[in-house]
Amino acid sequence: MEKTIYLDNNATTRVDDTVAGEMLKYFTEEYGNPSSLYSIGAKARTVVEDARKRVAVLLNCEPRDVFFTGSGTESDNLAIKGVARRYKNKGTHIITTAIEHHAVLKSVEQLSKEGFTYDIARVGEDGIVDIEHLKSLIKPDTILISVMYANNETGAIQPIEEIGKIAKERGIYFHTDAVQGAGKLSLNVKELNVDLLSLSGHKFHAPKGVGILYKRTGINPTPLLSGGHQELAVRPSTENVPYIAGIASALEIAYRDIEVHREKQSALKKRLKAGLLKNIDKVVVNTPEKSVFNTLNVSFVGIEGESILFTLDSFGIAVSTGSACTSGSLEPSHVIMAMGRDHTTCHGSVRFSLSKYTTEEEIDYTIERVRETVEKIRKISPYK
Amino acid sequence: MYSQTVMDHFRNPHNVGKMENPSGVGKVGNPQCGDEMVIYIKVENNVIVDVTFETFGCVAAIASSSMTTDMIKGKTIEEALGLSNKDVADKLGGLPPVKMHCSVLAEEGIKAAIEDYRKREEEKNNEQKI
Ligand SMILES: Cc1ncc(COP(=O)(O)O)c(C=O)c1O
Ligand code: FES
């Protein structure tokens, strides 16, 4: 097969053709600076503010509470550090979970060097946060709780509404990293009971390098950057007009057809899971029932993920793994480990993440190639 | 990320599998990432006439196992002990820095197999004396 079978959509996605086409004119034709007063600048301002309104409709919030940032990582940083630093007089304790993205975990670690303290809530074997444990970590000086909406490695959906309610009752700010929920789950911030929510464009067919931060009216995060007045001075930098137009359109497209995507991708995921379990021995499923419809994470016992990844790559199939051997730091995935899996299982974990472009033929071809791959690599392994 | 030689050895590794009646077996683990390697050797007149491996590890670990076993086959025990992981990595066309430890594992596997062989020989000699 010539074409790549791209099953790593939780890492990044291909940009939607409509989105790419729409963005182009803001590079070469309507390239004004939104802060300039003449027509071409005013036009750019309209594009940015229109994008903000379109996002606000999808999030069910006020446009002025939507900020455009440079990435999901930046949104997470701005939410966590911005709120902690602004409201440190109210308290200095933060709670997050064991399965967060490094953008969240490292932000909290950074704050711990600035006089904040933090606790990490456990997850169960299903990779879903243990609410009782999280509740037990709340202290009188807890100001912020940050829990992701869906996990990037397992797809496990976290009980955001419930945690939001707990936080609200106690007057604690609540942030969710919703990067992996976009286009898959409702982003209605009122129903979700969230005060802050982070998104990243490249996970839903917008380009890399653009993010969104929602914050509830009245919350005023301390900026990460010093600069001009853009984005109400919360995120100074000349607005990235093409990318802002792109992320808004991509989000609209994702939700316009969400039922179609859900139906199709759920069926493909089910087919993939059934195919792998039927054709291969000793497969551990790491993705719980309660998960986003595009993600399936499994472990092939006795083999190491990097060797699976490279073998599948030679067949044109792109997947990712939580194996220690691919992490640079040689630490296995903190997410799979937090679920209480042993080292060996973690080593053989492989994530398949689908998109609207995934086809049934691709899934069938993948099942067959994975079967061959696992068989071949198990022959080499001392664990059979 | 990997050289062509590494990928060739990874895709078609040489000397794979468990050995019947080996003269020595070396089992080593990688403390850094938790991987494992088992090396089997057959020795006749101080020469390693056959060698096989089983590896649970990454592309670099599998390729290093394959290359190392190729390099010591037909060599004397002393020659085999002289082989370093650097020789193996060089022969593989280099390894990324974070993957050098995977070739160390192969070197250690060989050393452990030879040690096991020597221990077995010693035991045999002792038994003969009694
Ligand atoms: C859950 C989660 N949070 C944050 C990020 C970071 O987003 P970005 O790549 O836009 O910085 C990612 C993606 O890498 C993610 O999966
Ligand atoms: S065996 Fe784990 S990094 Fe090579």
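Analysis parameters
Residues numbered from 1 in each chain as written. Chains lettered and ligands numbered in written order. Predicted model: local features only at pLDDT ≥ 70, side-chain atom pairs only at ≥ 80, totals over all residues. Heavy atoms only, no water. Pairing = 2+ DSSP bridges. Helix = DSSP H or I, 4+ residues; strand = E, 2+ residues; numbered from the N terminus. Axes fitted to C-alpha atoms, helices over the stretch in contact; angles between N-to-C directions. Contact = heavy atoms within 4.5 Å. Polar contact = N/O pair within 3.5 Å; in protein donor to acceptor, adjacent residues only side chain to side chain. Phe/Tyr/Trp six-rings, centres within 6.5 Å; stacked < 30°, edge-to-face > 60°. Lys NZ or Arg CZ within 6 Å of the ring centre and 35° of its normal.

A. Seen up close, the sheet that holds strand 3 (residues 47-56) of chain B. Residue and element names in this part refer to chain B. Spatially, the three strands line up as an open sheet ordered 1-2-3, and their pairing is antiparallel. Of all the strands in the sheet, the pair left with one neighbour each is strand 1 (24-29) and strand 3. Neighbouring strand axes in the sheet, compared pairwise and without regard to direction, differ in orientation by 15° on average. Examined bridge by bridge, strand 1 and strand 2 (residues 36-44) share six bridges and lie antiparallel to one another. Bridged to Gly26 within strand 2 is Ile39. Sheet strands in contact with helix 2 (residues 59-72) are strand 2 and strand 3, and its direction is about 175° off that of strand 3. On top of the sheet, helix 5 (residues 100-129) reaches strand 1, strand 2 and strand 3; it is set at about 145° to strand 1, its chief contact.

B. Region of interest: the environment of Ser323 of chain A. All names here are of chain A. With respect to the element layout, Ser323 can be found in the loop between strand 12 (320-321) and helix 11 (334-338). Between the alpha carbons of Ser323 and Glu29 there is a distance of 46 Å; along the sequence they are 294 residues apart. Each residue touching Ser323, except ones within four places of it in the same chain, is listed here: Glu304, Gly305, Glu306, Pro332, Cys346, His347 and Ser349. A distance of 2.4 Å separates a polar atom in the side chain of Ser323 from a polar atom in the side chain of Glu304.

C. View of the packing of aromatic side chains. Residues and elements named next belong to chain A. The tally for this structure, following the rule as stated, stands at four aromatic pairs over all chains. For the ring pair Phe27 and Tyr243, a centre distance of 6.3 Å and an interplane angle of 90° mean the geometry is edge-to-face. With a gap of 216 residues between them, Phe27 in helix 1 (residues 17-28) and Tyr243 in helix 8 (residues 241-256) connect regions that are remote in the sequence. Above the plane of the ring of Tyr357 lies Arg14, whose end atom (NZ or CZ) is 4.5 Å from the centre. Cation over ring: Arg369 sits above Phe315, and NZ or CZ is 4.2 Å from the ring centre.

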